[in-house]
Amino acid sequence: MGKTGKASIIFDKDIYIVEKASVVGQKEGEGPLGKYFDNIVNDPFVGKNTWEEAESELQKLVVKTLLKKSGFTTKDIRYIFAGDLLGQLIASSFGLMDFEIPFFGLYGACSTMGESMSLAAMNVAAGYADNVIALTSSHFASAEKQFRYPLEYGSQRPLCATWTVTGSGGVIISSCIKSGIRIAGITTGKIVDYGITDSMNMGAAIPSSFRIFAAMAPAACDSIYTNFMDFDVTPDYYDAIYTGDLGKVGRTILLDLMQEKGFDISSIHHDCGIEIFDDRYQDTHSGGSGCGCSAATLCAHILRKIEEGFYKRVLFVPTGALMSTISYNEGQSVPGIAHCVVIERIDGGVY
């Protein structure tokens, strides 16, 4: 395991993604990726009494699916790295405690899947664990209740807003079980603050005197640019770059910001928030968002395309807006962060 550049690590041993699992709600299941998710839950409460309990059930379903598909038991898993958007990470802690697997609770907002995969891969590469689960989740109703307005309020959503994905995704990362897909390296993002204060507009944009800024797009730009510099590569090194949940407007801002740095990524850039919904018949405004957005899209769509040979190398860049209800109510800005995970197909490997 070797450091490179300012913020990156290149793994000198193969760190495999040996299994993946995803679960989503009904709206996500009706989207363009619907047939690829492992589980589609039509009951938004998932048989529970509260939205928060429902989100915990999504994480339980993902871990159960991972164990079933891999043939592992809980004793085979050294650690779980997981997080969510709720206060004190209650979706993760309440959802995962029954598995009795050592647990690291993480908060990277909607970038949490990138953070959990990065830390899991580092632990496996360092020899501290053989098999580790990385996962995260979000739920439309629990997120609206915490960060915006409860559904009962009937608040009008602006067109720049994104739709929090009801879903969860997780992977098993291993050094001892081989597969056809590996994590080749990571670039850890830093906190970037452009002074955005609108929680309805975290992945989209607001006008300023000279240009349009966004909360998460500058963070994504910074991390992608840092990855290029640290790895000494250009965009054509990757077959695709997937950001987490910038949405349609945020994507435009990212492309402009990267262009200013001398890189045109428009032909290879995709956004999970755009991929998971179809704006032709699903009214999600700017697209999807939430921890579960990039996680479920990674597990159901991106890894599948790598497995099928459509992609050889992908830069996965979940994006997050680092805010809380307290910071927002006190008028503070919404800093952004994005973490890069380099995922490669190993020719001749099995998946």
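Fair warning: this is a prediction, and the values are worked out from it, not measured in the lab.

A.B. asks: Is there a simple way to explain the side chain of Lys305 in this structure?
C.D. replies: Residue position: Lys305 is located in helix α9 (residues 291-307). The side chain of Lys305 sits in the buried core without any salt bridge; Glu308 is the nearest counter-charge, 5.9 Å away. Leaving out residues up to four positions away in the same chain, Lys305 has contacts with Tyr242, Phe310 and Tyr311.

A.B. asks: What is the right way to look at the pattern of salt bridges in this model?
C.D. replies: Charged atoms that come close allow side chains of opposite charge to pair. Using the criterion set out here, one finds eleven salt bridges in the structure. Among the ionic pairs, Lys69 bridges to Asp38, the shortest N-O distance being 3.1 Å. Remark: Asp38 occurs in the loop between α1 (26-29) and β4 (39-41) and Lys69 occurs in helix α2 (residues 51-70); sequence separation between them is 31 residues. The residue Arg304 makes a salt bridge to Glu308 at a minimum N-O spacing of 3.6 Å. Here Arg304 falls in the buried class, since its relative accessible area comes to 13%. One network of salt bridges, in which partners are shared, links Asp14, Arg182, Arg313 and Glu344.

A.B. asks: Explanation requested: the layout of surface pockets in the structure shown.
C.D. replies: One simple way to see leftover space: roll a probe sized like a water molecule over the atoms. Of the volumes computed, that of the largest pocket is approximately 210 Å³. Lining the largest pocket are 17 residues, with Gln26, Pro44, His139, Phe140 and Thr166 positioned closest to its centre. Of all the elements in the fold, those that place two or more residues in the lining of the largest pocket are α1, α2 and α5 (140-147). Class assignment for the residues of the lining of the largest pocket results in nine nonpolar, five polar and three charged. Of the volumes computed, that of the second largest pocket is approximately 180 Å³. Lining the second largest pocket we find 13 residues, and of these Lys6, Ala7, Lys190, Asp222 and Thr226 sit closest to its centre.

What counts, and at which threshold
Residues numbered from 1 in each chain as written. Predicted model: local features only at pLDDT ≥ 70, side-chain atom pairs only at ≥ 80, totals over all residues. Heavy atoms only, no water. Helix = DSSP H or I, 4+ residues; strand = E, 2+ residues; numbered from the N terminus. Buried < 20%, exposed > 50% of the residue type's maximum accessible area, 1.4 Å probe, protein only. Lys, Arg positive; Asp, Glu negative; His and termini not counted. Salt bridge = Lys/Arg side-chain N within 4 Å of Asp/Glu carboxyl O. Contact = heavy atoms within 4.5 Å. 1 Å grid on protein atoms, 1.4 Å probe; cavity = no way out; pocket = protein on both sides within 12 Å on 5 of 7 lines; lining within 4 Å. Points joined across faces, edges and corners; volume = space filled by probe spheres on them. Nonpolar A, V, L, I, M, F, W, Y, C, P; charged D, E, K, R; others polar.

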